[in-house]
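Residues per chain, in single letters:
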Amino acid sequence: DAGITQSPRHKVTETGTPVTLRCHQTENHRYMYWYRQDPGHGLRLIHYSYGVKDTDKGEVSDGYSVSRSKTEDFLLTLESATSSQTSVYFCAISESYLGAQYFGPGTRLLVL
Amino acid sequence: GESVGLHLPTLSVQEGDNSIINCAYSNSASDYFIWYKQESGKGPQFIIDIRSNMDKRQGQRVTVLLNKTVKHLSLQIAATQPGDSAVYFCAEKEGGSEKLVFGKGTKLTVNP
């Protein structure tokens, strides 16, 4: 998984609670991405980062926030989880925007 | 809707046969394409990429063909093995963009 870890790998939480997912890379890549994967939708971009403290929204960013205080860590926060945020979340990294993205193992999140 | 890929079809092949997986894209400004493999419960794995200045690129047992005239991308897997069973999906990137757009994928099943 190209030196990418995600934590936790599985999480069950209740509606209305805050949740933070962590992506950690050891590749020193500049770009980091958060996606969600749902049946029938494929991978959809939530937020991405192009450097420390530099982030931008993707196509499904509502209800999510991100932070990147160090090159190696990219955090995804669900401020108040909803059942529609039940999904598998993948982090990806890329050396530059010109090249391929490499994915982590994913986090399965269930919001009850 | 999705600009890349077909609604998740399935492809079943016999071990040892060659497999061809197809992908259509609609953005004529896309200049970079990637094929990913995703096994059940795992993150997408980079297989091969191609830029729009090429028509064909070969890797180990895999070949990607790009037909820009009809906006079509294909992945050929030679001598398909049971370990190749997975969902395969393509992704495209518009020139200058930092974002990939993913198709929904094709499920490949290899029968022994």
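How each quantity is defined
- Each chain has its residues counted from 1, running along the sequence as written.
- Starting at A for chains and at 1 for ligands, labels are handed out in the order in which the entities are written.
- Owing to the predicted nature of the model, reporting of local features is limited to residues with pLDDT of at least 70; listing and counting of side-chain atom pairs is limited to 80 or more, with chain, interface and lining totals taken over all residues.
- The side-chain values count all of the structure's non-hydrogen atoms but skip hydrogen atoms and water molecules.
- Put simply, DSSP H or I for four residues or longer makes a helix, DSSP E for two residues or longer makes a strand, and each gets a number counted from the N terminus.
- In this description, contact between two residues means that some pair of their heavy atoms is separated by no more than 4.5 Å.
- Each residue is assigned to one of three classes by its accessible area relative to the maximum for its type, calculated with a 1.4 Å probe on protein chains only: buried under 20%, partly exposed between the two thresholds, exposed over 50%.
- Any pair of N or O atoms that falls within 3.5 Å is considered a polar contact. Within protein, one atom must be able to donate a hydrogen and the other to accept it, and sequence-neighbouring residues count only if both atoms are side-chain atoms.
- Buried area is a sum: the accessible area each of two parts loses on coming together, probed at 1.4 Å, counted once for each and added.
- Basically, the charged four are Asp, Glu, Lys and Arg, the nonpolar ten are Ala, Val, Leu, Ile, Met, Phe, Trp, Tyr, Cys and Pro, and anything else, Gly included, counts as polar.
- Any two strands with at least two DSSP-identified bridges between them are counted as paired.
- Between N-to-C directions, angles span 0 to 180 degrees; the directions come from axes that are lines fitted to C-alpha atoms, helices contributing only their stretch in contact.
- Note that patches include only residues with greater than 30% relative accessible area and no salt bridge, and the join distances are 9 Å for like charges and 5 Å for nonpolar side chains (Val, Leu, Ile, Met, Phe, Trp, Tyr).
- Accessible areas in this description were obtained via Shrake-Rupley with a 1.4 Å probe; residue shielding takes into account the shown protein chains only.
- Within this document, salt bridges are pairs made up of a side-chain nitrogen of Lys or Arg and a carboxyl oxygen of Asp or Glu, the two lying within 4 Å of each other.

**Student:** Help me understand the environment of A:Gly99 in this model?
**Tutor:** Following the sequence through the fold, A:Gly99 ends up in the loop between strand 9 (87-94) and strand 10 (102-103). Spatially, the C-alpha atoms of A:Gly99 and A:Tyr31 are 10 Å apart, while their sequence positions differ by 68 residues. Excluding anything up to four places from it in sequence, A:Gly99 contacts A:Ser94, B:Tyr32, B:Arg51 and B:Lys93.

**Student:** Hey, could you run me through the environment of A:Tyr35 in this one?
**Tutor:** Position of A:Tyr35 relative to the elements: it lies in strand 4 (residues 31-38). The exposure class of A:Tyr35 is buried, given its relative accessible area of 0%. Once you skip the residues sitting within four places of it in the chain, A:Tyr35 turns out to touch A:Leu43, A:Arg44, A:Leu45, A:Ile46, A:Val88, A:Tyr89, A:Phe90, A:Ala92, A:Gln101, A:Phe103, B:Leu100 and B:Phe102. At 2.6 Å, the side chain of A:Tyr35 forms a polar contact with the side chain of A:Gln101.

**Student:** What exactly am I supposed to notice about the interface of chain A and chain B here?
**Tutor:** Interfaces are often sized by the accessible area lost when the parts come together. Taken together, the contacts link 24 residues of chain A with 20 residues of chain B. Broken down residue by residue, the surface that chain A buries against chain B is led by A:Leu43, A:Tyr97 and A:Phe103, which jointly contribute 26%. One can count nine residue pairs in polar contact (both at pLDDT 80 or more) joining chain A with chain B. Secondary-structure elements contributing two or more residues to the side of chain A that touches chain B are strand 4, strand 5 (42-51) and strand 10 of chain A. Ranked by residues supplied to the side of chain A that touches chain B, first place goes to strand 5 of chain A with five residues. Of the residues contributing to the side of chain A that touches chain B, the split by class is 14 nonpolar, seven polar and three charged.

**Student:** I would appreciate a short explanation of unusual backbone geometry in the present structure.
**Tutor:** What is expected of a backbone is that most residues other than glycine have negative phi and most peptide bonds are trans. Here the residue pair A:Ser7 and A:Pro8 is connected by a cis peptide bond, since its omega of -10 degrees sits within 30 degrees of zero. Within the secondary structure, A:Pro8 sits in the loop between strand 1 (4-7) and strand 2 (10-13). One non-glycine residue, B:Arg61, adopts positive backbone phi at about 65 degrees. Mapped onto the elements of the fold, B:Arg61 is located in the loop between strand 5 (56-58) and strand 6 (62-67).

**Student:** I tried to follow the sheet that holds strand 2 (residues 19-24) of chain B on my own but got confused; where do I start?
**Tutor:** Within a beta sheet, neighbouring strands are joined by backbone hydrogen bonds and run either parallel or antiparallel to one another. All names here are of chain B. Here we have four strands laid out as an open sheet, ordered 2-7-6-5, and antiparallel in their pairing. With one partner strand each, in any of the chains shown, strand 2 and strand 5 form the two edges of the open sheet. Between one strand axis and the next, the sheet turns through 15 degrees on average, direction left out of account.

**Student:** Sorry if this is basic, but what is going on with the pairing of strand 1 of chain A here?
**Tutor:** The two faces of a sheet get side chains in turn, since along a regular strand they alternate between them. Residues and elements named next belong to chain A. Of the two faces of strand 1, the one holding Ile 4 and Gln 6 is buried and the one holding Thr 5 and Ser 7 is not buried anywhere. By the bridge criterion, four bridges tie strand 1 to strand 3 (residues 19-25) in an arrangement that is antiparallel. Note that in strand 3 the partner of Gln 6 across the bridge is Cys 23.

**Student:** I'm lost on a nonpolar patch on the surface in this one. Help?
**Tutor:** Residues and elements named next belong to chain A. Where nonpolar side chains cluster on the molecular surface, the patch consists of Val 12, Leu 110 and Leu 112 and spans about 290 Å² of accessible area. Among the structural elements, Leu 112 can be located in the segment after strand 11 (107-111). Of the residues examined, Leu 112 reaches a relative accessible area of 59% and is grouped as exposed.

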